[in-house]
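Listed here are the chains, written in short residue letters.
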Amino acid sequence: MPGIDKLPIEETLEDSPQTRSLLSVFEEDTATISSYYNQLFQAMHRIYDAQNELSAATHLTSKLLKEYEKQRFPLGGDDEVMSSTLQQFAKVIDELSSCHAVLSTQLADAMMFPITQFKERDLKEILTLKEVFQISSDDHDVAVNRYSRLSKKKENEKVKSEVMEDVYTSRKKQHQTMMHYFSALNTLQYKKKIALLEPLLGYMQAQISFFKLGSENLTQQWEDFLTNIGTSVQNVRREMDSEVDSMQQTIQDLEQASDLLYMPDPDPSKIPINRNLTRKAGYLNTRNKTGLVSSTWDRQYFFTQGGNLMSQSRGDVAGGLVMDIDNCSVMAVDCEDRRFCFQISAFDGKKVSILQADSRKDCEEWIATINNISKRIYLSENPEETAARVNQSALEAVTPSPSFQQRHESFRPSTSGRPRAGRTSSQSSAGSESPALSSLSLDSLVAPDTPIQFDIISPVSEDYSTQAKSASQGRRTNPFGESGQSQSGESEDSILHQLFIVRFLGSMEVKATENTDVIYETMRQILAARAIHNIFRMTESHLLVTCECLNVVLCASHQENKRLFGFVLQTAGGRVDGRPVTVCYIFESNNDGEKICDSVGLAKQIALHSEMDRKASQKQRDMDKAKVKQQEELSKQKQIEKDLEEQSRLIAASSRPNPPAADGQFLVLSNSQSEDSDAGEEGRKRGESELS
């Protein structure tokens, strides 16, 4: 006979909605079996009780056997062997229905006893186990709900211990009850065939015995057929016994292996955390806002499907999409009323989900799995090996190197992966290595004990703090030291205007600005500090790149994790040891970091050309002013020459002798004439001195 459909006992502890859906199919099949076997029992009972109506009862039995293939069994409905066998039985019963006489003792022992046992013992056992399973499942849900509501602020060890013990007891009871319930349902698939074939076999044997094996209707062919059916029943019984033994052994093994999993928060030292997963499923509590400040928590079954996060409630046929987790960001968060919470932000930042896991191990595995999916590792041929290599590379990236040479080899871009020389004017110097670079120490890049800033603050000097406060009233403070008072108007007319969503990882003051090694070293130190101090929170911001007031010295992206990038910024004011203060900022982006660096490089080129055009325009204006001033000097010179000619003429006129008067006296000059004469003389002398 074909294989028997079975419930997976190994998945009873997980208790997923798929398992519950499959269970509902088996329960529906059990109800159909019960209904059908009740009819068959009534038919056989009529044979047993009504000797006078034997022919009618036999005919009804034959009819029911013929209708077996029309029954809509959810499981095993396409069993052609069983259907053909029952058709043969129906044919035999039809032939013998007119002449059968009932031997009540033989019928009671061979026909009524097996089907009565199946109806009264096996089917009732299924119903009892179903009720017990439902009660244990409800108790487990109540215990888990009570455990999830444990307050984070008010820690009561006694209450916590009682709640955890209640979860352990209820989960163990549910698991054990569910395994026995599944085993009984699987066994029922065998018993239903036995309970159907064995009474029929007993009935036929009773008839053969009654007719002393000499009935004309029973030939050797029918005896061979019945012998084959008896052999098939014995084979099914042996197969059932073997399967029951296997399921009992599986139950024992799972009980021993699952003892640690009954605890809601298992010890990570006994059950290690797997950070290389690219698929995960399990129950999580999700927070739903019901008002401005109020929220509720709903427990649902979450699972990953490719690059999507799905959720499914009990009773649902299929799961629904929660969000696309390709290129998303995930991090652990602190909730006031819940533990083991983490937050998932979509690629565009428009959708955010806060979920709660049952344990710290589960929480960290969910974060690691979503991070792996966000990097599209699941698209590779062997996702788990790829995730292991990526996580190992990330671990090496945050592990302090013993020497600069090792760090230089791990962070320096390869020949094929070097940034283009035309990206920025400052990056062109990083394309060639000098012999002195290999012996460069870490102290020449970043000063020892330099503090790391994990929040964005304005790096402007304290000398300009008062001016910055008065200038920035009524608008947001630029964290990169821009002080222009009309930036908004210029920014709107800027040639380049690009907006990126980034998450700030940290910043620190640096010393060297000659090459991109300082950015790689800053990345390593900031990531190492976050890993050592368990800093998961990141500030999400909008990075606006324009060609106005851009003081970026260097900009580069990580060579392996392209979403990491950083730039070195020279602050607006302040000098230390005779050099300007430079700060390196490190970010994580949803996009490729090289695109942002290309945008910054383009902004610098535009700013450089704009500055050159501004200087050329200023020089032209200065030349025009000098030309105008020269022309004014020439005009003044011409005016002076004209005045000198006029003064010379007046002097010549005044130097001629005056004729004597008629009465013999001289003519006396007036005061005005004397003053004109003196002015002419002074003008002449001044003109001579100017000409000289």
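What you are looking at is a predicted structure, and each value in this text was computed from that prediction instead of being measured.

A.B. asks: Looking at this model, I keep getting lost on the overall build of the protein. Mind explaining?
C.D. replies: A tally of helices and strands in the protein yields 15 helices and 12 strands. Across the protein, contacts joining residues at least 24 apart in sequence account for 72% of those joining residues at least 6 apart. Per element, the accessible surface of the protein, about 38,600 Å² overall, is 49% carbon and sulfur.

A.B. asks: How should I be thinking about the pairing of strand 5 (residues 329-333) in this particular structure?
C.D. replies: Remark: a regular strand shows side chains that alternate across the two faces of the sheet. With four of five residues buried, strand 5 lies mostly within the body of the structure. Where strand 5 and strand 6 (residues 341-345) come together, five bridges link them in antiparallel fashion. When the bridges of strand 6 are listed, Ser 329 appears paired with Ser 345.

A.B. asks: Teacher, can you tell me more about the sheet that holds strand 3 (residues 308-312) here?
C.D. replies: Two modes of strand pairing occur in sheets, parallel and antiparallel, and in both the strands are linked by backbone hydrogen bonds. Ordered in space as 4-3-2-1-7-6-5, the seven strands form an open sheet in which the pairing is antiparallel. The open sheet is flanked by strand 4 (320-324) and strand 5, the only strands paired with a single partner. The mean angle between the axes of side-by-side strands here comes to 40 degrees, regardless of whether they run parallel or antiparallel. On top of the sheet, helix 1 (residues 17-49) reaches strand 1 (281-289), strand 2 (295-305) and strand 3; it is set at about 85 degrees to strand 2, its chief contact.

A.B. asks: Quick question: what am I supposed to make of the packing of helix 1 against helix 2 (residues 54-66) here?
C.D. replies: Each pair of packed helices can be described by the angle between their axes along with the distance between the axes. For the pair helix 1 and helix 2, interaxial distance at closest approach is 8 Å and the crossing angle is 155 degrees. In terms of their interaxial angle, helix 1 and helix 2 are classed as roughly antiparallel. The handedness of the crossing between helix 1 and helix 2 is left-handed. Residue-level inspection shows Tyr 36, Gln 39, Leu 40, Ala 43, Arg 46 and Ile 47 of helix 1 in contact with helix 2, the latter providing Leu 54, Ala 56, Ala 57, Thr 58, Leu 60, Thr 61, Leu 64 and Leu 65. Residue composition of the contact of helix 1 with helix 2, grouped by class: 10 nonpolar, three polar and one charged.

A.B. asks: For this particular structure, what's the right way to read the pattern of salt bridges?
C.D. replies: As a working rule, side chains carrying opposite charge can pair if their charged atoms are close by. Across all of its chains, the model carries 21 salt bridges by this definition. The residue Arg 563 makes a salt bridge to Glu 588 at a minimum N-O spacing of 3.7 Å. Within this pair, whereas Arg 563 is found in the loop between strand 10 (552-557) and strand 11 (564-576), its partner Glu 588 is found in strand 12 (residues 579-589), the two being separated by 25 residues in sequence. When its relative accessible area of 13% is taken as the criterion, Arg 563 is described as buried. On the accessibility criterion, Glu 588 (15% relative accessible area) is buried. One salt-bridge network, in which partners are shared between bridges, spans Asp 15, Arg 20, Asp 141 and Arg 314.

A.B. asks: Got a minute to help me understand a negative patch on the surface in this structure?
C.D. replies: Taken together, the side chains of Asp 138, Asp 139, Glu 165 and Asp 166 define an acidic patch exposed on the protein surface. At the level of elements, helix 4 (104-148) and helix 5 (157-210) are the ones that each hand at least two residues to the negative patch. Take Asp 166: its relative accessible area is 34%, and that puts it in the partly exposed class.

A.B. asks: Can you help me understand the confidence of the model for the protein in this one?
C.D. replies: The predicted coordinates of low-pLDDT regions are not to be read in fine detail. A residue-level look at the protein finds 75% of positions with pLDDT of 70 or above and a mean pLDDT of 76. When the elements of the protein are averaged for pLDDT, helix 10 (residues 435-438) gives the smallest value, 36, and strand 3 the largest, 93. Taken together, the stretch residues 398-440 has pLDDT below 50 and engages in 74 contacts with residues farther than four places along the chain or on a different chain. Low confidence marks residues 661-677, where pLDDT is under 50. Its contacts with residues over four positions away, or in another chain, come to five contacts.

A.B. asks: What is the right way to look at helix 2 in this model?
C.D. replies: Counting along an α-helix, one turn takes 3.6 residues, and residues three or four places apart therefore face a common direction. In this model, helix 2 (13 residues) spans 18 Å end to end at C-alpha, consistent with the 18 Å of a helix rising 1.5 Å per residue. Listed in full, the buried residues belonging to helix 2 are Leu 54, Ala 57, Thr 58, Thr 61, Ser 62, Leu 64 and Leu 65. Buried residues of helix 2 fall within an arc of 160 degrees about the axis and therefore sit on the same side. Lining the buried residues of helix 2 we find helix 1, helix 3 (80-96) and helix 5.

A.B. asks: Please explain the side chain of Asp 29 as it appears in this structure.
C.D. replies: Relative to the helices and strands, Asp 29 resides in helix 1. Overall, Asp 29 belongs to the buried group, its relative accessible area being 0%. Once you skip the residues sitting within four places of it in the chain, Asp 29 turns out to touch Phe 73, Pro 74, Leu 75, Gln 189 and Lys 192.

A.B. asks: Looking at this structure, how should I read the packing of helix 1 against helix 4?
C.D. replies: Where helix 1 meets helix 4, the axes come as close as 10 Å, and the angle between the chain directions of the two elements is 155 degrees. Regarding the angle of helix 1 to helix 4, the classification is roughly antiparallel. Note on packing geometry: the crossing formed by helix 1 with helix 4 is left-handed. Partitioning the contact of helix 1 with helix 4 into residue classes produces 17 nonpolar, seven polar and four charged.

A.B. asks: Sorry if this is basic, but what is going on with the nonpolar core here?
C.D. replies: When a protein is soluble and globular, its nonpolar side chains tend to lie buried together. Ranked by internal contacts, the top residues of the largest apolar core, which has 56 residues, are Leu 65, Leu 86, Phe 89, Leu 196 and Met 204. A per-element tally of this core places helix 5 first, with 15 residues.

A.B. asks: Could you clarify how one ought to interpret the side chain of Asn 372 in this entry?
C.D. replies: Considering the arrangement of structural elements, one finds Asn 372 in helix 7 (residues 360-374). Given the relative accessible area of 1%, Asn 372 is considered buried. Contact partners of Asn 372, with chain neighbours within four places excluded, come to Arg 275, Asn 276, Leu 277, Thr 278, Ile 377, Ala 387 and Asn 391.

A.B. asks: Help me understand the packing of aromatic side chains, please; the structure alone is not making it clear to me.
C.D. replies: Two aromatic rings, taken as a pair, are described by how far apart their centres are and by the angle between their planes. Scanning the model with the defined rule gives 13 aromatic pairs in all. The interplanar angle of 80 degrees and the centroid separation of 5.8 Å between the aromatic rings of Tyr 36 and Tyr 37 together place this pair among those described as edge-to-face. The same class applies to Tyr 36 as to Tyr 37, namely buried. Where Tyr 36 meets Tyr 68, the ring centres are 6.1 Å apart and the plane angle is 65 degrees; that geometry is what we call edge-to-face.

A.B. asks: Looking at this structure, how should I read unusual backbone geometry?
C.D. replies: Apart from glycine, the bulk of residues carry a negative phi angle, and the bulk of peptide bonds sit in the trans form. In this structure, Asp 15 is a non-glycine residue whose phi angle is positive, near 55 degrees. Tracing the backbone through its elements, the reader meets Asp 15 in the segment before helix 1. One non-glycine residue, Phe 340, lies in the positive phi region at around 55 degrees. Secondary-structure assignment places Phe 340 in the loop between strand 5 and strand 6. For Phe 340, a relative accessible area of 12% corresponds to the buried category.

A.B. asks: Would you explain the pairing of strand 7 (residues 352-356) in this entry?
C.D. replies: Counting buried residues along strand 7, four of its five residues qualify, which places the element largely inside the surrounding structure. Inspection of the sheet shows strand 1 paired to strand 7 by two bridges, in the antiparallel sense. For Thr 286, the partnering residue across the bridge sits in strand 7 and is Leu 355. Alignment of strand 6 against strand 7, held across five bridges, turns out to be antiparallel. Each bridged residue has a counterpart across the sheet, and for Phe 342 the counterpart in strand 7 is Leu 355. Where strand 6 hands over to strand 7, the hairpin turn is made up of six residues, of which Gly 349 adopts a positive phi near 75 degrees.

A.B. asks: Whenever I open this one, the environment of Met 111 confuses me. Can you help?
C.D. replies: For Met 111, the location among the structural elements is in helix 4. With 63 residues separating them in the primary sequence, Met 111 and Tyr 48 have C-alpha atoms 8.8 Å apart. Residues in contact with Met 111, not counting those within four places in the same chain, are Met 44, Ile 47, Gln 106, Pro 199 and Tyr 203.

How each quantity is defined
Residues numbered from 1 in each chain as written. Predicted model: local features only at pLDDT ≥ 70, side-chain atom pairs only at ≥ 80, totals over all residues. Heavy atoms only, no water. Helix = DSSP H or I, 4+ residues; strand = E, 2+ residues; numbered from the N terminus. Contact = heavy atoms within 4.5 Å. Areas by Shrake-Rupley, 256 points an atom, 1.4 Å probe, with all protein chains shown as cover. Buried < 20%, exposed > 50% of the residue type's maximum accessible area, 1.4 Å probe, protein only. Pairing = 2+ DSSP bridges. Axes fitted to C-alpha atoms, helices over the stretch in contact; angles between N-to-C directions. Parallel < 35°, antiparallel > 145°, perpendicular 65-115°, else oblique. Left-handed = near helix turned anticlockwise from the far one by under 90°. Nonpolar A, V, L, I, M, F, W, Y, C, P; charged D, E, K, R; others polar. Salt bridge = Lys/Arg side-chain N within 4 Å of Asp/Glu carboxyl O. Patch = residues over 30% accessible without salt bridge, like charges linked within 9 Å, V, L, I, M, F, W, Y side chains within 5 Å. Lys, Arg positive; Asp, Glu negative; His and termini not counted. Charge placed at Lys NZ, Arg CZ, Asp CG, Glu CD. pLDDT = per-residue confidence, 0-100. Expected span 1.5 Å × (residues − 1). Arc of directions from axis to C-beta. Core = buried A, V, L, I, M, F, W, Y, C linked by side-chain atoms within 4.5 Å. Phe/Tyr/Trp six-rings, centres within 6.5 Å; stacked < 30°, edge-to-face > 60°.

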